[in-house]
Amino acid sequence: MSQVFDVLVIGAGPGGYIAAIRAAQLGFKVACAESNPHADPKGEPRLGGTCLNVGCIPSKALLASSEEFEKIGHHVADHGIQVGSVSIDIKKMLARKDEIVNKMTGGISFLFRKNKVTSIKGHASFVGKTADGYQIQITGKDAGTITAKNVIIATGSKARHLPNIPVDNVLVCDNEGALKFDSLPKRLGVIGAGVIGLELGSVWRRVGSQVTVLEALPSFLGACDEGIAKEAKKIFTKQGLDIHMGVKIDGVKADKKGVVVSYQDSTGKPQKLECDRLIVSVGRVPNTEGLNLEAISVKTDERGFIPSIRCLWHSSISIMFELFHCIYYVSSAMPRSYNRIVTFA
Ligand SMILES: Cc1cc2nc3c(=O)[nH]c(=O)nc-3n(C[C@H](O)[C@H](O)[C@H](O)COP(=O)(O)OP(=O)(O)OC[C@H]3O[C@@H](n4cnc5c(N)ncnc54)[C@H](O)[C@@H]3O)c2cc1C
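Residues numbered from 1 in each chain as written. Predicted model: local features only at pLDDT ≥ 70, side-chain atom pairs only at ≥ 80, totals over all residues.

Visitor: Before we go on, may I ask you to explain the overall build of the protein in this structure?
Guide: Scanning the protein from N- to C-terminus turns up nine helices and 16 strands. The contacts in the protein between residues at least 6 apart in sequence include a share of 62% that link residues at least 24 apart. (Helix = DSSP H or I, 4+ residues; strand = E, 2+ residues; numbered from the N terminus. Contact = placed C-beta atoms within 7 Å.)

Visitor: What is the right way to read the sheet that holds strand β6 (residues 144-153) from this model?
Guide: Pairing between the strands of a sheet is mediated by backbone hydrogen bonds and can be parallel or antiparallel. Ordered in space as β3-β2-β1-β6-β5-β4, the six strands form an open sheet in which the pairing is mixed. Two strands close off the open sheet at either side, each with one partner strand: β3 (117-121) and β4 (123-130). The average angle at which neighbouring strand axes cross in this sheet is 45°, direction not considered. Sheet topology places strand β2 (residues 30-34) next to β3; five bridges connect them, and they run parallel. Pairing of Ala33 across the sheet is with Ile120, part of β3. (Pairing = 2+ DSSP bridges. Axes fitted to C-alpha atoms, helices over the stretch in contact; angles between N-to-C directions.)

Visitor: Would you explain the nonpolar core in this entry?
Guide: The nonpolar side chains of a soluble globular protein tend to be buried with one another. Counting 40 residues, the largest nonpolar core has Val172, Leu214, Val259, Val261, Leu278 and Ile279 as its most contacted members. A per-element tally of this core places helix α6 (residues 195-206) first, with five residues. Counting residues domain by domain, this core receives three or more from each of domain 1 (2-158 + 285-326) and domain 2 (161-282). Grouped together as the second largest cluster of nonpolar side chains are 37 residues, Cys32, Ile136, Ile138 and Leu291 included. (Core = buried A, V, L, I, M, F, W, Y, C linked by C-beta atoms within 7 Å. Buried ≥ 20, exposed ≤ 12 C-beta atoms within 10 Å, placed from the backbone. Domains from an automatic or database assignment.)

Visitor: Sorry, what's going on with the environment of Lys114 here?
Guide: In this structure, Lys114 sits in helix α4 (residues 90-114). With 93 residues separating them in the primary sequence, Lys114 and Ile21 have C-alpha atoms 9.2 Å apart.

Visitor: Looking at this structure, I do not really get α4. What am I missing?
Guide: In an α-helix, one turn spans 3.6 residues, which is why side chains three or four residues apart end up on the same side. The terminal C-alpha atoms of α4, which comprises 25 residues, lie 36 Å apart, in line with the 36 Å expected from a rise of 1.5 Å per residue. Close packing links the buried residues of α4 with α1 (14-25), β2, α2 (49-54), α3 (56-75) and β3. (Expected span 1.5 Å × (residues − 1).)

Visitor: For this particular structure, what's the right way to read the pairing of strand β13 (residues 258-264)?
Guide: On a regular strand, one side chain projects to one face of the sheet and the next to the other, so that they alternate. Here β13 shows a clear split, with Val259, Val261 and Tyr263 buried on one side and none of Gly258, Val260, Ser262 and Gln264 buried on the other. Across seven bridges, the pairing between strand β12 (residues 248-255) and β13 is antiparallel. Its bridge partner lying in β13, Asp255 is registered against Gly258. Strand direction decides the pairing type here: β13 and strand β14 (residues 270-275), joined by six bridges, are antiparallel.

Visitor: What am I meant to see in the packing of α3 against α6 here?
Guide: One can describe the packing of α3 onto α6 by two numbers: an axis separation of 8 Å at closest approach and a directional angle of 35°. The way α3 lies across α6 gives a crossing that is left-handed. Contact with α3, carried on its side by Ser59, Leu62, Leu63, Ser66, Glu67, Phe69 and Glu70, involves Glu199, Leu200, Val203 and Arg206 of α6 and no other residues of that element. Residues belonging to the contact of α3 with α6 are distributed by class as follows: five nonpolar, two polar and four charged. (Left-handed = near helix turned anticlockwise from the far one by under 90°. Nonpolar A, V, L, I, M, F, W, Y, C, P; charged D, E, K, R; others polar.)

Visitor: For this particular structure, what's the right way to read the pairing of strand β15 (residues 277-280)?
Guide: Alternating residues of β15 divide into Arg277 and Ile279 and Leu278 and Val280, and every residue in both groups is buried. Pairing geometry for strand β9 (residues 187-191) and β15, over four bridges, is parallel. Considered in β15, the bridge of Val190 is made with Ile279.

Visitor: Got a minute to help me understand the sheet that holds β12 in this structure?
Guide: Pairing is antiparallel across the open sheet formed by three strands, whose spatial order is β12-β13-β14. Of all the strands in the sheet, the pair left with one neighbour each is β12 and β14. In this sheet, neighbouring strand axes are inclined to one another by 15° on average, regardless of whether the strands run parallel or antiparallel.

Visitor: Help me out: how do you make sense of the packing of α3 against α4 in this one?
Guide: When two helices pack together, you describe them by how their axes are tilted relative to each other and by the distance separating the axes. Following both chains from N to C, one finds α3 and α4 inclined at 145°, their axes separated by 9 Å at the closest point. Regarding α3 and α4, the two cross each other, and that crossing is right-handed. Residue-level contacts link Ile57, Pro58, Ala61, Leu62 and Ser65 of α3 to Met93, Arg96, Lys97, Ile100, Val101 and Met104 of α4. Residues of the contact of α3 with α4, tallied by class, amount to eight nonpolar, one polar and two charged.

Visitor: How should the confidence of the model for the protein be read in this particular structure?
Guide: Should pLDDT be low for a region, the predicted coordinates there are not to be read in detail. Mean pLDDT over the protein works out to 88, with 89% of the residues at or above the 70 mark. Throughout residues 309-345 the model reports pLDDT below 50, and contacts reaching past four residues in sequence, or to other chains, amount to 68 contacts. (pLDDT = per-residue confidence, 0-100.)

Visitor: In this structure, what is going on with unusual backbone geometry? I would like to understand it.
Guide: In terms of backbone geometry, most residues other than glycine have negative phi values and most peptide bonds are trans. Positive phi, close to 60°, is recorded for Lys116, a residue that is not glycine. At Leu221, a position not held by glycine, the phi torsion is positive, near 45°. Turning to its location among the elements, Leu221 is positioned in the loop between β10 (210-214) and α7 (226-239). Owing to 19 C-beta atoms within 10 Å, Leu221 belongs among the partly exposed residues under this scheme.

Visitor: Sorry, what's going on with the environment of Arg22 here?
Guide: Topologically, Arg22 is positioned in helix α1. Once the C-alpha coordinates of Arg22 and Val117 are considered, the two residues, 95 residues apart in sequence, prove to be 9.7 Å apart.

Laid out in C-alpha cells, this is it:
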C-alpha cells in the first residue's frame, strides 16, 4: 500500500481521533494510524487510545460499579432501606466495563467512516521527508508507505515501569492489568498515590480488598491545591485506603503465593508489605521511541518528550503538532485536544 494524504495523524487516542475528524471536516484528506496491541472484536487494533481502552473509560466504569456496591452495602440503610447480604460478581463487573469499552471504541470507527478519515491499522514510523511531504512506514495489518504533507503526532503515553519491579500484569500490574483482575484480591498493594493509583485502589477497596498504598513523596497529591489534597486524603482514608507517605521501595518479589514489597517507611525503618496483587502506578512515559524521529531531525528530550516549542518553530516542519503526552503529561483527555485542534484550524 502506498498512499498520499494531506494529514496523517499518528495515534487514535482522544488527541489523535479528534484531530483527525476535525481535519477531515476542514476538507483535508486525512488518515489516522493506530497500533494499539489490544484487538477489537474483529481482531484489529482498537481505536480510542489509553483513555477509551485502558484509562478514563474503563476505570470510570469500574468506579461506578464499585460505588453502587458500596452504596447498597453501606449507605442505603441510613435511608431506612433494608437489603439482605450484598455480594459482587467481579466477572460480571468486568464484562460490563468491557462492553462499554467495545461500544465506545467502535463509536470512533463509525465517526471515522462518517467523516471520511482513513483508518490505518499499524505502527507508524518516519522514513524521511521530501518535497512531496513526510514519508511514513506502516508496519502491521495495513503495512505500506504513506506520504503526508502534514503529520500530527498524538502517540500518547504508556505506564512507567521501574527497573526493579517487573510488571507481568497478572500479579504485579500497571493500569492495564489493574483494570482486569479476574478475582478480588484479598490484599492489594498500590505503589504510587497519584490520581491513577488512588482511583484504581479505590475501586478494589470498595468491592472488598484490603488496600495499602505506598508513596515515595512526603506530601499527598503534591501537585494539587493543598486544601483539596487534604480533603482528598481524608476521604480516601475514610474509605479504608491505608496510605503510607515518604516510603522508599527496596524491592518486589512475586511468586505463586503472592507479592512481597520490601520498603523503608518514612522513618527509614525496613518494612514488608505482603499482598495478593500489586498495582504499580508511578507515572507515564511518552510513546515516542518507535517513531524514528531522527529521520525528520526531531530530537526528544532525555525523557522521550518532544520539546514542543522547538518542534513548532522548527523551520523544516511546516504544520506538525504533537499532542499531549509526547510533549508533556496531562491527566485531562478532552480540553487539551480541543485547544490543539483550534490551533490546527
Ligand atoms: C487509569 C487511567 C485513568 C484515567 N482517567 C482519566 C480521566 O478520568 N480523565 C482524563 O481526562 N484523563 C484520564 N486519564 C488520562 C487519559 O487517558 C490521557 O490523558 C489520554 O488518553 C491522552 O490521550 P492521547 O490521545 O494523547 O494519548 P493515548 O490515549 O495514549 O493515545 C495514543 C495512541 O497512539 C497509539 N500509538 C502510539 N505510537 C504509535 C505509532 N508509532 N503508530 C501508531 N499508533 C501509535 C497508541 O497505541 C495509542 O492508542 C487516565 C489515564 C489512565 C491510565
